[in-house]
Amino acid sequence: MNIVLFGPPGAGKGTQGDQIVKNFNLYKVSTGDLLREEIKKNINLGNKIKSIIDKGLLVSDNIINDLLIKIFSDKKLYNRLIFDGYPRNLEQARNLDSCLKKYKQKISCVLCLNVEKKLILKRILGRQTCINCGLIFNEYFMPATSKNHSCDPKFLNKRSDDNEKTVTNRFETYLNKTLPILDFYKEQNLLHHINGMLEIDQIFDEIRAIIASLET
Ligand code: ADP
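Within any chain, residue numbers begin from 1 and follow the written order of that chain's sequence. Whole-chain, interface and lining totals are the exception, using all residues; otherwise, since this is a predicted model, local features are given only for residues with pLDDT of at least 70 and side-chain atom pairs are given and counted only at 80 or more. The side-chain quantities take in all heavy atoms of the structure and omit both hydrogens and water.

1. Overview of the site of the ligand
Which entries qualify depends on this criterion: Definition of nearness: a residue and a molecule or strand are near each other if at least one heavy atom of the residue lies within 4 Å of the molecule or strand. For the purposes of these results, a polar contact is taken to be a pair of N or O atoms within 3.5 Å, where, inside protein, one atom must be able to donate a hydrogen and its partner to accept one; residues adjacent in sequence count only when each atom of the pair is a side-chain atom. Per-residue and other accessible areas follow the Shrake-Rupley method at a 1.4 Å probe size, with only the shown protein chains counted as cover for residues. For the purposes of this entry, the term helix denotes a DSSP run of H or I that reaches at least four residues, the term strand denotes a run of E that reaches at least two, and both are numbered from the N terminus. Classification used: nonpolar for Ala, Val, Leu, Ile, Met, Phe, Trp, Tyr, Cys and Pro, charged for Asp, Glu, Lys and Arg, polar for all others including Gly. Here the limits of each domain have been adopted from an automatic or database domain assignment.
If you check the shell around the ligand, you find 20 residues, and the closest are Thr31, Arg36, Leu57, Gln92 and Arg170. Note that a nitrogen atom of the ligand is positioned 2.8 Å from one of the side-chain N or O atoms of Thr31. At 3.4 Å from an oxygen atom of the ligand is found a side-chain nitrogen or oxygen belonging to Arg127. Protein coverage of the free-state accessible area of the ligand, which is 550 Å², stands at 97%. Broken down by element, the residue count for the shell around the ligand peaks at 4 residues, all from helix α2 (residues 31-41). In terms of residue class, the shell around the ligand is made up of 8 nonpolar, 5 polar and 7 charged. Of the residues that make up the shell around the ligand, three or more belong to each of domain 1 (3-116 + 165-215) and domain 2 (127-161).

Given below as structure tokens:
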């Protein structure tokens, strides 16, 4: 099964993606994470990518395609992919279809997390990621404590694009470029809407029920 997680920035795609990975033995492909790794590894290309991300714009499709090529062709990941933050425009959605087709796979469902803009802002501005273990926390809703996080608090990090100005631009980019993809998936009968404003576990219950219904 291959799943696309869809929704505005801060909708909780990463958090729910991690839960799905744990429960259904899938492999999460986050283009945002792949880009952040590239920024750390590759100084020239990394600087270019960082300046685009910090403006809240989309990185070019060519860069994204290069990062994804290895994943599509990896036999270990066959039919086990969950996409977080990809596709982000219609070209990417068409490219995803043709890459999956090439490797004899398809999308099983698109899970659209719906969240109001006001809540998105709070989620993003409070977001902290542990650069040691990768867990995601939120200063307002789910602070890291000694009970839920074993790493030193010094590893908790705020993303450079998680500031008010960039978030506003990211949201605009989402509305203009990404949202039109929804019709593309609706026409293919792949779309499932999910209330992304509930508690993390409640949202995951909804997702679990949808995935279970697809498996039977
Ligand atoms: P969020 O979903 O909260 O915006 P991500 O980590 O998915 O966070 O993405 C961060 C940034 O990385 C985006 O604002 C964009 O600049 C870039 N990015 C991520 N995925 C893509 C993609 N598929 N195509 C183009 N740019 C992307």
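2. Points about a nonpolar patch on the surface
Spelled out, the test is: Like charges within 9 Å and nonpolar side chains (Val, Leu, Ile, Met, Phe, Trp, Tyr) within 5 Å are joined into patches, using only residues over 30% in relative accessible area that form no salt bridge. Here a salt bridge means any side-chain nitrogen of Lys or Arg lying within 4 Å of a carboxyl oxygen belonging to Asp or Glu. Here the term buried applies to any residue with accessible area under 20% of the maximum for its type, exposed to any over 50%, and partly exposed to those in between, with areas from a 1.4 Å probe on protein chains only.
The grouping of Tyr140, Phe141 and Met142 at the surface amounts to a nonpolar patch, some 300 Å² of accessible area in total. A relative accessible area of 48% means that Tyr140 is categorised as partly exposed.

3. Looking at the side chain of Asp161
Looking at the secondary structure, you find Asp161 in the loop between β7 (156-157) and α7 (164-178). Taking the relative accessible area as the measure of exposure, Asp161 reaches 5% and is therefore buried.

4. Re the layout of surface pockets
Just so we agree on the cut-off: Any residue with an atom within 4 Å of a point lines the site, the site being either a cavity, points on a 1 Å grid over the protein atoms alone where a 1.4 Å probe fits but cannot get out, or a pocket, an open set with protein on both sides within 12 Å along at least 5 of 7 lines. Grid points are joined across faces, edges and corners, and a volume is the space filled by probe spheres set on the points.
There is about 330 Å³ of room inside the second largest pocket. Lining the second largest pocket are Thr15, Asp18, Gln19, Lys22, Gly134, Leu135, Ile136, Phe137, Met142, Asn148, Ile200 and Asp201. Only α1 (13-24), β6 (136-138) and α9 (200-215) provide two or more residues apiece to the lining of the second largest pocket. For the lining of the second largest pocket, the element with the most residues is α1, which contributes 4 residues. Per-class residue counts for the lining of the second largest pocket are 5 nonpolar, 4 polar and 3 charged. Here the lining of the second largest pocket spans two domains, since at least three of its residues come from each of domain 1 (3-116 + 165-215) and domain 2 (127-161).

5. Digging into the packing of helix α4 (residues 61-72) against helix α5 (residues 90-102)
Test applied: Only the stretch in contact is used when a helix axis is fitted, and all axes are lines through C-alpha atoms; the angle between N-to-C directions ranges over 0 to 180 degrees. Convention used here: angles under 35 degrees read as roughly parallel, angles over 145 as roughly antiparallel, angles from 65 to 115 as roughly perpendicular, and any remaining angle as oblique. If you view the pair so one helix is near and one far, a crossing is left-handed when the near helix is turned anticlockwise from the far one by less than a right angle, and right-handed when it is turned clockwise. Should any heavy atoms of two residues lie within 4.5 Å, those residues are counted as being in contact.
Running from N to C, α4 and α5 point in directions that differ by 25°, and their axes come no closer than 12 Å. Classed by the angle they form, the pair α4 and α5 counts as roughly parallel. Seen from above, α4 lies across α5 with right-handed handedness. Counted together, Asp61, Ile64, Asn65 and Phe72 of α4 and Glu91, Gln92, Asn95, Leu96, Cys99 and Leu100 of α5 form the full contact between these two elements. Its residues assigned to classes, the contact of α4 with α5 shows 5 nonpolar, 3 polar and 2 charged.

6. Brief notes about the packing of aromatic side chains
To be explicit about the condition: Ring pairs are drawn from Phe, Tyr and Trp, using the six-membered ring of Trp, whenever the two centres fall within 6.5 Å, and their geometry is named by plane angle: stacked under 30 degrees, edge-to-face over 60, tilted for the rest.
One pass over the full model with this rule turns up 6 aromatic pairs. Relative to Phe83, the ring of Phe72 lies with its centre 6.1 Å away and its plane at 35°, an arrangement referred to as tilted. Here Phe72 is found in helix α4, whereas its partner Phe83 is found in strand β3 (residues 81-84), with 11 residues between them in sequence. For Phe72, a relative accessible area of 5% translates into the label buried. Judged by its relative accessible area of 1%, Phe83 is buried. Note on Tyr140 and Phe141: the rings are 6.4 Å apart at their centroids and 75° apart in plane angle, and the pair reads as edge-to-face.

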